[in-house]
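Below, each chain spelled out in residue letters.
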Amino acid sequence: MIVAERKQKIIIDKFGRFGERMPDGRLTAPSDGKVYCLREAILLSKQLDRPLSRQEMKEFEV
């Protein structure tokens, strides 16, 4: 019986360089330059059980 070892794909190396091309951390759209208190906004969104409106997000601008 022949036993063969599988080579592991080195994906972790590429994962470490994943954010280099996205300096502001966004994956979908360029940054608008505003800074938000996201933890508090996320907590409110979870309490309301819905996404926050633009007006509600203005309250969390720094």
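Residues numbered from 1 in each chain as written. Predicted model: local features only at pLDDT ≥ 70, side-chain atom pairs only at ≥ 80, totals over all residues. Heavy atoms only, no water.

Novice: Provide a residue-level description of the overall build of the protein, including the pertinent values.
Specialist: The helix and strand tally for the protein stands at three helices and zero strands. Going from the N terminus to the C terminus, the protein shows its helices and strands as α-α-α. Buried positions account for 6% of the 62 residues belonging to the protein. (Helix = DSSP H or I, 4+ residues; strand = E, 2+ residues; numbered from the N terminus. Buried < 20%, exposed > 50% of the residue type's maximum accessible area, 1.4 Å probe, protein only.)

Novice: Kindly report on the layout of surface pockets, identifying the contributing residues and their values.
Specialist: Over the atoms a probe the size of a water molecule is rolled, and this reveals where empty space is left. Estimates place the volume of the largest pocket at around 150 Å³. What lines the largest pocket is Asp32, Lys34, Tyr36, Leu52, Ser53, Arg54, Met57, Lys58 and Glu61. (1 Å grid on protein atoms, 1.4 Å probe; cavity = no way out; pocket = protein on both sides within 12 Å on 5 of 7 lines; lining within 4 Å. Points joined across faces, edges and corners; volume = space filled by probe spheres on them.)

Novice: How would you sum up the side chain of glutamate 56? Please name residues and give values.
Specialist: Along the chain, glutamate 56 turns up in helix α3 (residues 54–58). On the basis of relative accessible area, glutamate 56 is assigned to the buried category, the value being 17%. Of note is the side chain of glutamate 56, whose polar atom sits 2.8 Å from the side chain of arginine 50. Looking at glutamate 56, its side chain comes within polar contact range of the main-chain nitrogen of serine 53, at 2.8 Å. Excluding residues within four positions of it along the chain, glutamate 56 makes contact with Leu48, Arg50 and Pro51. (Polar contact = N/O pair within 3.5 Å; in protein donor to acceptor, adjacent residues only side chain to side chain. Contact = heavy atoms within 4.5 Å.)

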